[in-house]
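Observations on the three-dimensional arrangement
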Amino acid sequence: MAITAPEFNFIRQLAEQNAGIAIEDGKEYLVINRLEPTAKECGFDSLTHFINELKSSKCSPALTNKTIDALTINETSFYRDGHPFEQLKQNFLPRLIERNKGQRSLSIWSAACSTGQEIYSLAILIKEHFPEVENWNIRLLATDISNRVLNHAKEGIYSSFEINRGLEKPLQEKYFDAHGNSLQLKKSIRNLVEFKTINLNAHWPDIGSFDLILLRNVMIYFDLESKKVILGKMKKRLNPNGHLILGSAETTYNIDPDWVASRENNSTSYHIPEKR
């Protein structure tokens with residue numbers, strides 16, 4: 001299947017309006033690779049007919065959502081990039097636990113969680129290294145725009161390839177059970193996580209506030225205005241002295257001046273200074 005310039009521009013506009021996703025010039029191949037299987041799955045004999053349906057006033061919201069889902073990047077892995085999780089273990093979590101020991105609660109949000117490896121890595125990290133919070137009120141929220149990846153995450157079933165990307169053998173044996181040719185995360189870990197569908201570029205439901213927010217490797221796909229809006233909303237969701245963690249290629253610099261960066265051991269976090 002091929003795509004014309006007007007069709008490509010329509011898809012770019014659709015992605016930006018519905019999810020804040022910025023598709024760059026020259027990425028026609030990406031759109032074709034991602035939408036061609038969707039078009040076939042939905043019974044269209046060409047990408048043109050599929051796009052014409054998306055343009056139609058009779059187009060269902062479900063088809064638009066399916067298109068946005070297909071265009072969304074869902075790259076993730078257990079303990080992705082390594083050093084942010086080491087920093088969480090050595091610095092961020094100990095500080096938050098010490099600060100919150102009076103109220104015995106801890107809240108963490110993995111925004112754009114994809115298939116769940118990030119939030120499950122955090123759950124395992126807390127189980128392994130912080131037994132003192134065993135009886136605390138721990139809230140782990142994981143959200144994504146895609147119901148497809150959220151359903152994958154809720155099941156907690158991963159292939160050997162997915163498991164071996166970042167997860168050491170002892171942890172595999174301790175926290176997973178055999179499930180056919182795959183492995184499934186034990187229910188005791190899955191039950192620690194709450195999953196919700198949230199489009200970061202649209203209205204957010206009332207999800208409360210958090211001590212730690214992970215928004216890693218997501219902002220790179222948004223346009224500048226979307227980044228400003230999302231960071232503005234994040235400020236209202238972060239507890240005093242809380243941390244926001246972005247991907248290594250992402251920053252709040254020149255986007256929102258209220259955020260202050262802190263660099264420790266090859267990892268950067270962002271916070272909002274308390275007003276004096």
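Refer to the structure printed above.
To keep things clear, this report deals only with the structure shown in the data block. The structure presented is a predicted model; accordingly, all values stated were derived computationally and were not measured.

**Regarding the overall build of the protein**
Looking only at helices and strands, one finds eleven helices and ten strands in the protein. Considered along the principal axes of its C-alpha atoms, the protein spans approximately 60 × 55 × 30 Å. With 276 residues in all, the protein has 48% of them scored as buried. Contacts in the protein between residues far apart in sequence, at least 24 positions, make up 74% of those at least 6 positions apart. Carbon and sulfur atoms provide 47% of the accessible area of the protein, an area that totals close to 13900 Å².

**A closer look at the side chain of Thr143**
For Thr143, the location among the structural elements is in strand E2 (residues 137-144). Side-chain polar atoms of Thr143 contact the side chain of Trp109, separated by 2.9 Å. When neighbours within four sequence positions are excluded, Thr143 is seen to be in contact with Trp109, Ser110, Ala111, Ala112, Cys113, Leu150, Lys196 and Ile198.

**Some details on the environment of Ile189**
For Ile189, the location among the structural elements is in helix H10 (residues 187-190). Ile189 gets classed as buried once you look at its relative accessible area, which sits at 1%. Considering only alpha carbons, one finds Ile189 and Ala178, eleven residues apart in sequence, at a separation of 15 Å. Look past the residues within four positions of Ile189 in its chain and what remains in contact with it is Tyr120, Ala123, Lys127 and Tyr175.

**Some words on the packing of aromatic side chains**
By the definition in use, this model includes seven aromatic pairs. Centroid distance Trp109 to Trp204: 5.4 Å. Interplanar angle 90°. Geometry classified as edge-to-face. Taken together, the positions of Trp109 in strand E1 (residues 105-111) and Trp204 in the loop between strand E6 (193-197) and strand E7 (210-215) put the pair 95 residues apart, joining distant regions of the chain. Trp109 gets classed as buried once you look at its relative accessible area, which sits at 0%. Note on Trp204: relative accessible area 4%, which makes it buried.

**Brief notes about the nonpolar core**
The biggest cluster of nonpolar side chains holds 38 residues, and the ones touching the most others in it are Leu88, Ile108, Tyr120, Phe176 and Phe195. Looking at this core, the element that brings in the most residues is helix H6 (residues 117-129), giving seven residues. When sequence neighbours within four positions are dropped, the list of residues in contact with Phe176 reads Phe78, Ile124, Gly156, Tyr158, Ile163, Leu167, Leu171, Leu183, Gln184, Leu185 and Lys186.

**Remarks on the pairing of E1**
The buried fraction of E1 amounts to seven of the seven residues, a majority that puts the element mostly inside the structure. Burial along E1 is two-sided: the face carrying Ser105, Ser107, Trp109 and Ala111 and the face carrying Leu106, Ile108 and Ser110 are both buried. Here E1 runs beside E2; their pairing, made up of seven bridges, is parallel. In the strand pairing of E2, Ile108 is matched with Leu140. A crossover connection joins E1 to the parallel E2 through H6; in handedness this β-α-β unit is right-handed. Pairing of E1 with E7, which is carried by three bridges, proceeds in the parallel orientation. Pairing of Trp109 across the sheet is with Ile213, part of E7.

**Structural notes on the packing of helix H1 (residues 5-19) against helix H3 (residues 47-55)**
Each pair of packed helices can be described by the angle between their axes along with the distance between the axes. In contact at an axis separation of 11 Å, H1 and H3 are set at 45° when each is read in the N-to-C sense. Taken together, the axes of H1 and H3 are oblique relative to one another. Our pair here, H1 against H3, has a crossing hand that is left-handed. Touching Glu7, Phe10, Ile11 and Leu14 of H1 are Thr48, Ile51, Leu54 and Lys55, all from H3.

**Some words on the sheet that holds strand E4 (residues 176-179)**
Spatial ordering of the open sheet is given by E3-E5-E4, a layout of three strands whose pairing is antiparallel. If you trace the sheet from one side to the other, it starts and ends with strand E3 (157-158) and E4, each paired once. When E3 meets strand E5 (residues 182-185), the two strands line up antiparallel, connected through two bridges. Within E5, the position partnered with Tyr158 by the bridge is Leu183.

**Quick word on the pattern of salt bridges**
The final tally for this structure, using the stated rule, is 14 salt bridges. The closest approach of N and O atoms between Glu118 and Arg216, which form a salt bridge, is 3.3 Å. Here Glu118 is found in helix H6, whereas its partner Arg216 is found in the loop between E7 and helix H11 (224-237), with 98 residues between them in sequence. Look at Glu118 and you get buried, because its relative accessible area is 8%. A residue is classified by how much of its surface remains accessible, and Arg216, at 7% relative accessible area, is buried. Between Asp258 and Lys235 there is a salt bridge, with its nearest N and O atoms 2.7 Å apart. Note that Asp258 is positioned in the loop between strand E8 (238-246) and strand E9 (260-264) and Lys235 in helix H11, a separation of 23 residues in sequence.

The rules we used
- Residues numbered from 1 in each chain as written.
- Predicted model: local features only at pLDDT ≥ 70, side-chain atom pairs only at ≥ 80, totals over all residues.
- Heavy atoms only, no water.
- Helix = DSSP H or I, 4+ residues; strand = E, 2+ residues; numbered from the N terminus.
- Buried < 20%, exposed > 50% of the residue type's maximum accessible area, 1.4 Å probe, protein only.
- Contact = heavy atoms within 4.5 Å.
- Areas by Shrake-Rupley, 256 points an atom, 1.4 Å probe, with all protein chains shown as cover.
- Polar contact = N/O pair within 3.5 Å; in protein donor to acceptor, adjacent residues only side chain to side chain.
- Phe/Tyr/Trp six-rings, centres within 6.5 Å; stacked < 30°, edge-to-face > 60°.
- Core = buried A, V, L, I, M, F, W, Y, C linked by side-chain atoms within 4.5 Å.
- Pairing = 2+ DSSP bridges.
- Right-handed = clockwise from strand over helix to strand, strands pointing away.
- Axes fitted to C-alpha atoms, helices over the stretch in contact; angles between N-to-C directions.
- Parallel < 35°, antiparallel > 145°, perpendicular 65-115°, else oblique.
- Left-handed = near helix turned anticlockwise from the far one by under 90°.
- Salt bridge = Lys/Arg side-chain N within 4 Å of Asp/Glu carboxyl O.

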